[in-house]
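Single-letter residue listing:
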Amino acid sequence: MIRHRDIARDALRFGPHGGAHRVAMRAGVSVFVPLVVLWSMGHLDWSIYAAFGAFTSLYGRQRTGRARLQLQLTLALALTVSVGVGVLVGMSPHRAWLAVPVAGLVAGVGSWVSDLEEWHPPGPLFMIFAFAAVASIPAQPGDIVTGCLVAGSSALFAVAIGSTGHLWRAVRRPGGQVSAWHPRRSSAAGRHVARNVVGVVVAGGVATAIGIGHPYWAMVSAVVPLAARDLLPQTVRGVQRVVGTGLGLLTAGLLLWLDPGGLALILVVVVLQVGAELLVGRNYALALVVITPLALLMVHLAAPIPTRTLLFDRGVETVIGVAIGILIGYLTRDRSRA
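What you see is a predicted model; the values in this text were computed from it and never measured. (Residues numbered from 1 in each chain as written. Predicted model: local features only at pLDDT ≥ 70, side-chain atom pairs only at ≥ 80, totals over all residues. Heavy atoms only, no water.)

(A) Representation of the overall build of the chain in the model. Within the chain, the secondary structure is distributed over 13 helices and zero strands. Counting helices and strands in the order they occur from the N terminus, the chain gives α-α-α-α-α-α-α-α-α-α-α-α-α. A separation threshold of at least 6 residues defines the contact pool for the chain, and within that pool the share at least 24 residues apart is 82%. Counting every atom, the chain has about 15400 Å² of accessible surface; 69% of that belongs to carbon and sulfur. (Helix = DSSP H or I, 4+ residues; strand = E, 2+ residues; numbered from the N terminus. Contact = heavy atoms within 4.5 Å. Areas by Shrake-Rupley, 256 points an atom, 1.4 Å probe, with all protein chains shown as cover.)

Structure below.
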């Protein structure tokens, strides 16, 4: 039985630093350079593609050398393909409903590969976010090449940044051992895939049917609890998601009111990205205070809407997605361990 004090204890727990500054620096550089390039070209409206490609830098913090390279190359491809499929769906006048089953497919593939290759961070969250956010924006055929090229270039730059430390060590200590990562077989992969697919489809379907904008936030929020295997950590992650998002909406409201533009906006995004990586491994709720405005600024830049509507959509859909994710976790829990 899960007790309220157990949820509160785990939700408030503050983890170790764990070398987060190195990941934060890589993430900051990985997002800063592509955005500056787009700004100099006068195409900051393409920044959503670049930002999703830059998410490649968030993977592999616990690996080095070839192991990190293998993982990040996999994610570079996965995120670029997610953006490309998102553009394809965005071309349809029925994109809102079409995105729901396709997001379920993305969730299934991402969850399966994540389990087999032990991604860190685990699960298909960033693939779903990349696909569904891009799919929500009306697109033209020419946007497919643009989206894939920008996302792919940004992702490969992130891979290069992630490999600099290993290359530097190799130059200083030639002939050293090069680590590699070998995929494993997971007996729980099928069950985990089913949870994520159902969570995404149900959350996306409910949010779309209700008519709230940006249903992808419900989809993403549904898979957040399901990244954990057991009900207690699922509930903790869900609570952290709701509370952290609520606090993050206050920060987002202030930043959207200030309405930074150009280089100032890029610097804000970089600071938020660095802050997110410094905090996400220590306390997820606290990290969401900066992750929430980061996500909203990305979306607002690509498809501006009134600030109040944007904040409302994010808040309501987060609650919908988390509730569905925890419910699925409860209904599919391992009763032999209860």
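On we go from here.
(B) Representation of unusual backbone geometry within the structure. The peptide bond linking histidine 120 to proline 121 adopts the cis configuration, its omega dihedral lying at 5°. Along the polypeptide, proline 121 turns up in the loop between α5 (95-117) and α6 (125-135). The residue glutamate 118 is not glycine, and still its phi comes out positive at about 55°. Tracing the chain through its elements places glutamate 118 in the loop between α5 and α6. Since its relative accessible area comes to 33%, glutamate 118 is described here as partly exposed. Unusually for a residue other than glycine, aspartate 259 sits at a positive phi of about 50°. Taking relative accessible area as the criterion, aspartate 259 reaches 56% and is therefore assigned exposed. (Buried < 20%, exposed > 50% of the residue type's maximum accessible area, 1.4 Å probe, protein only.)

(C) Looking closely at a nonpolar patch on the surface. A contiguous nonpolar surface patch, about 640 Å² in accessible area, is contributed by Val29, Phe32, Val33, Val37, Trp39, Met41, Leu263 and Leu267. Sorting the residues of the nonpolar patch by element identifies α2 (20-41) and α11 (262-279) as the ones contributing at least two each. A per-element tally of the nonpolar patch places α2 first, with six residues. Mapped onto the fold, tryptophan 39 is located in helix α2. Note on tryptophan 39: relative accessible area 39%, which makes it partly exposed. (Patch = residues over 30% accessible without salt bridge, like charges linked within 9 Å, V, L, I, M, F, W, Y side chains within 5 Å. Salt bridge = Lys/Arg side-chain N within 4 Å of Asp/Glu carboxyl O.)

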